Amino acid sequence: TFVKADGGCTQAGGIVTCNLNSLEAGSWVAFHITVRAGANIVSGSSIENRAAVAAWTLDPAPANNSDRADTSIIAQAQLLIAKRASSDAVAAGAFITYTIAVTNSGPSTATGVEVKDLLPSGLLLTGVSAEGGLCAGPVCRFDSLPIGASRTMTVVAQVDPALPAGSLINTAAAASPDAPTVSTT
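Structure report, in brief. (Residues numbered from 1 in each chain as written. Predicted model: local features only at pLDDT ≥ 70, side-chain atom pairs only at ≥ 80, totals over all residues. Heavy atoms only, no water.)

## Thoughts on the packing of aromatic side chains
- Within the structure shown, the criterion is met by 0 aromatic pairs.
- Over the ring of Tyr 98 we find Lys 83; its NZ or CZ atom is 4.8 Å from the centre of that ring. (Phe/Tyr/Trp six-rings, centres within 6.5 Å; stacked < 30°, edge-to-face > 60°. Lys NZ or Arg CZ within 6 Å of the ring centre and 35° of its normal.)

The following block contains the structure:
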């Protein structure tokens, strides 16, 4: 999608035209054109950009009046993670449930999304599940997470009966090859 171009350039029907009144022999000029790749373009695809130049003056070497460039499309997603516990306080020996939601805020679909809840010492993992995901231990994997979509992971743990009173910090993280940073909560 066309976004903008330098002055002297216009866009119509996906074609950008830039005009100069004249160009001295041996000189050059650059035009900057900004476009945005659609979110539905598959990561790993290549987009070809073609440019051509023409003049009213006879050109003795017209074979060098066009060029093309390929641009590889790389997916990029931002994962947001939110976690809540079934209770703010739990007795030693009791069970607690953590619900972890991961959301993709785009601009691309996130693939190979992994959500990890590495329980701290004092909590014993007793169950994990995720609708639409595969789980093994404290890790759930989702094949893809479209823009704006969320997935939920549920973790059940038992508090060590010998754990003294105090507080525990339980951190979860979400990652994808398409997300430049890991989200934690």
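Structure's up, so let's keep going.
## As for the layout of surface pockets
- Approximately 2000 Å³ is the volume found for the largest pocket.
- For the largest pocket, the lining is made up of 48 residues, of which Cys 18, Phe 31, Ala 51, Ala 52 and Val 53 are closest to its centre.
- Contributing elements (two or more residues each) for the lining of the largest pocket: β3 (15-18), β4 (33-35), β5 (46-52) and β6 (66-72).
- Considering every element that reaches the lining of the largest pocket, the biggest residue donor is β5, with 6 residues.
- Class assignment of the residues belonging to the lining of the largest pocket gives a composition of 25 nonpolar, 17 polar and 6 charged.
- Put simply, the second largest pocket is a space of about 390 Å³.
- In terms of lining, the second largest pocket is formed by 21 residues, of which the most central are Asp 88, Val 90, Gly 166, Ser 167 and Leu 168. (1 Å grid on protein atoms, 1.4 Å probe; cavity = no way out; pocket = protein on both sides within 12 Å on 5 of 7 lines; lining within 4 Å. Points joined across faces, edges and corners; volume = space filled by probe spheres on them. Helix = DSSP H or I, 4+ residues; strand = E, 2+ residues; numbered from the N terminus. Nonpolar A, V, L, I, M, F, W, Y, C, P; charged D, E, K, R; others polar.)

## A word on the environment of Gly 166
- Its place among the elements puts Gly 166 in the loop between β13 (150-159) and β14 (171-175).
- Of the residues examined, Gly 166 reaches a relative accessible area of 72% and is grouped as exposed.
- Spatially, the C-alpha atom of Gly 166 lies 38 Å from that of Thr 111, the residues being 55 residues apart in sequence. (Buried < 20%, exposed > 50% of the residue type's maximum accessible area, 1.4 Å probe, protein only.)

## As for the state of the cysteines
- All chains considered together, the criterion is met by 2 disulfides.
- Disulfide partner of Cys 9: Cys 18, at an S-S distance of 2.0 Å. Between Cys 9 and Cys 18 the disulfide shows an S-S torsion of about 110°. By sign, it is right-handed.
- A disulfide bridge connects Cys 135 with Cys 140, and the sulfur atoms are separated by 2.0 Å. (Disulfide = S-S within 2.5 Å.)

## Let's talk about the sheet that holds β14
- A sheet is described by the order of its strands in space; here 5 strands give the open sequence β11-β12-β9-β14-β15, paired in antiparallel fashion. Edge positions in the open sheet fall to β11 (134-136) and β15 (183-184), since each of these has one partner strand only.
- Relative to β15, β14 runs antiparallel, the two sharing 2 bridges. By the bridge assignment, Ala 173 is partnered in β15 with Thr 184. (Pairing = 2+ DSSP bridges.)

## Some remarks on the pattern of salt bridges
- Applying the stated rule across the entire model yields 4 salt bridges.
- With its nearest N and O atoms 3.0 Å apart, the salt bridge here joins Asp 117 to Lys 83. With a gap of 34 residues between them, Asp 117 in strand β9 (residues 110-118) and Lys 83 in strand β7 (residues 77-85) connect regions that are remote in the sequence. Accessibility assignment for this pair places Asp 117 and Lys 83 in one class, buried. (Salt bridge = Lys/Arg side-chain N within 4 Å of Asp/Glu carboxyl O.)

## Here we look at unusual backbone geometry
- Here the bond from Gly 106 into Pro 107 is cis, since omega is 15°, no more than 30 degrees from zero.
- Mapped onto the fold, Pro 107 is located in strand β8 (residues 95-107).

## A short note on the sheet that holds β7
- The strand order across the open sheet formed by 4 strands is β7-β8-β13-β10, and the pairing between neighbours is antiparallel. Strands at the two margins of the open sheet, each flanked by one partner only, are β7 and β10 (123-130). Put simply, the sheet's adjacent strands are angled 20° from each other on average, direction ignored.
- Two strands pair when backbone bridges link them, and β10 and β13 are joined in this way by 7 bridges, in the antiparallel orientation. (Axes fitted to C-alpha atoms, helices over the stretch in contact; angles between N-to-C directions.)

Remember, this is a structural readout, not a statement about activity or role.
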